[in-house]
Amino acid sequence: EDETTTTRYRMVVVSLVAFALMLCNADRVIMAVAGVPLAAANGWGERAVGLVQSSFLWGYALTPLVGGMLADRYGGKVVLGAGIAVWSLATVATPCAATSGGLAPLLVARAVMGLGEGVALPCMNNVISRWVPRTERSRAVAISMGGFQSGSMIGLLAAPALLARGGVPGPFILFGALGLAWAAIWHFAATTYPKDCKMVGARELNYIVDSPGGALTSSSSTLKDAAPPPFKLLLSKAPTWACIIANFVNNWGFFILLAWMPLYFKQVVGLNLREAAWFSALPWATMAASGVVAGTLADNLINSRGWSVTATRKFIQGVGFIGPAICLIILAAYGAQMTAARAVTTLTVACGCTAFTQAGFLVNFQEIGPKYAGVLHGMANTAGSIAGMVGTYATGAVLEATGGNWSAVLYITAVVYALGAATWLTMSTGERVFD
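To keep things clear, this report deals only with the structure shown in the data block.

Rules and cut-offs
Residues numbered from 1 in each chain as written. Predicted model: local features only at pLDDT ≥ 70, side-chain atom pairs only at ≥ 80, totals over all residues. Heavy atoms only, no water. Phe/Tyr/Trp six-rings, centres within 6.5 Å; stacked < 30°, edge-to-face > 60°. Helix = DSSP H or I, 4+ residues; strand = E, 2+ residues; numbered from the N terminus. Buried < 20%, exposed > 50% of the residue type's maximum accessible area, 1.4 Å probe, protein only. Lys NZ or Arg CZ within 6 Å of the ring centre and 35° of its normal. Disulfide = S-S within 2.5 Å. Axes fitted to C-alpha atoms, helices over the stretch in contact; angles between N-to-C directions. Parallel < 35°, antiparallel > 145°, perpendicular 65-115°, else oblique. Left-handed = near helix turned anticlockwise from the far one by under 90°. Nonpolar A, V, L, I, M, F, W, Y, C, P; charged D, E, K, R; others polar.

Take the packing of aromatic side chains next. Throughout the structure, instances matching the rule amount to 8 aromatic pairs. Seen from their ring centres, Tyr9 and Trp131 are 6.1 Å apart, and the 50 degrees between their planes marks the pair as tilted. Highlighted residues: Tyr9 in helix H1 (residues 9-42) and Trp131 in helix H6 (residues 120-131), separated in sequence by 122 residues. Side by side, Tyr9 and Trp131 carry an identical accessibility label, which is buried. With centroids separated by 6.0 Å and ring planes inclined at 35 degrees, the aromatic side chains of Phe248 and Trp252 adopt a geometry described as tilted. Taken together, the residues span about one helical turn, with Phe248 and Trp252 both in helix H12 (residues 238-269) at a distance of 4 residues. A relative accessible area of 28% means that Phe248 is categorised as partly exposed. Above the ring of Tyr60, the side-chain terminus of Arg28 is found at 4.9 Å from the ring centroid. Above the face of the Tyr193 ring, Lys195 is positioned so that its terminal group lies 6.0 Å from the ring centre.

Structural data, given as structure tokens:
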């Protein structure tokens, strides 16, 4: 009997992480839909709407590093549970804050929501580094990030119906309540380490621990008493910077695609905003599926094809950056002459390639330093948050300065992707760097 078939509770834990990340992104994007009636009801202009949207990132930029440090010390189970409780309560409070008569309460609610969500991705890496051996990590991260990407699609598609049925409070209360229910289930279903979980059979535990590159099994008490993370050492190694730069580049492109592509479709391709919302959801569905394909492919290259982990990560991440660069160059050069279907297809291919990063740099934190997976991801996610704020603002500035020249925006983003690919291919490794 295959020892992995006795129990597979590790996949239950991974599935719960994926659901948490789905709620994370769904809660984030419903404001993009609810912002329209809120702006009309409160007389907000575009600047106020932009302020509301960006206020989420004020909080989100502050907690990835702290969340990663806390996860490495106390376990992702505790930190992720606290994070989703905070962001779900802030989500539930958002409609009340929005109707309080001023922007300040809403900005605070969105920033607090960002504070809670900032710990999610570092905790994901922390949990997987403890629950999943290296031979399955690409798929585990891909499943988790598939939840994250599908959250964008679910939020964008569910919010209009929920707004129609329950008004502005509808989507916020439903998704916030789901988050609080998840936090309760997570409290009883997950543990910091698989050895502490009664649902994990002996054979599965041996498989998790004894596989090549087995999961981290240090006791939580040892980590609690450990010294602060050795930031100087971590930042002295090129593979750390490869991950940080990769996350910066990935988020630069990701937030531009998330925030600006509906307007691109309206201005360049000629779609109205209702059609653009549906077209905008398609790439995120593709990302969720493509990420799982990339994770399965990466694990297969390592386990069945004999590729080294380093070669696999370089190849997969190369697709994740070079593919979008090529697609954006095509959109920049020919977008105005494209039909809507061809433009959306090109963007969907770009997003599908972007999802390969989930089996590239995103799993690499666990490989170069499993003990510091949370803090490594936290540092990289902080850089990514900065990229999101700078890239989103710079896009608006470029469009304003050039009179709406979308080609300039797309070419700049393609160059950023190309530089990210060059950095990753020269500086990354799949081997352990930090004990």
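Within the structure shown, the criterion is met by 0 disulfides. You can see Cys353 has no disulfide; the closest cysteine sulfur is in Cys327, sitting 5.5 Å from it. What makes Cys353 buried here is its relative accessible area of 15%.

To continue, consider the packing of H1 against helix H7 (residues 134-166). Helices that pack against each other are described as a pair by the angle of their axes relative to one another and the distance between those axes. As a packed pair, H1 and H7 sit with axes 6 Å apart at the nearest point and diverge in direction by 30 degrees. Put simply, H1 runs roughly parallel to H7. The chirality of how H1 crosses H7 is right-handed. Its residues assigned to classes, the contact of H1 with H7 shows 22 nonpolar, 8 polar and 3 charged.

What is shown is where atoms sit, not what they do.
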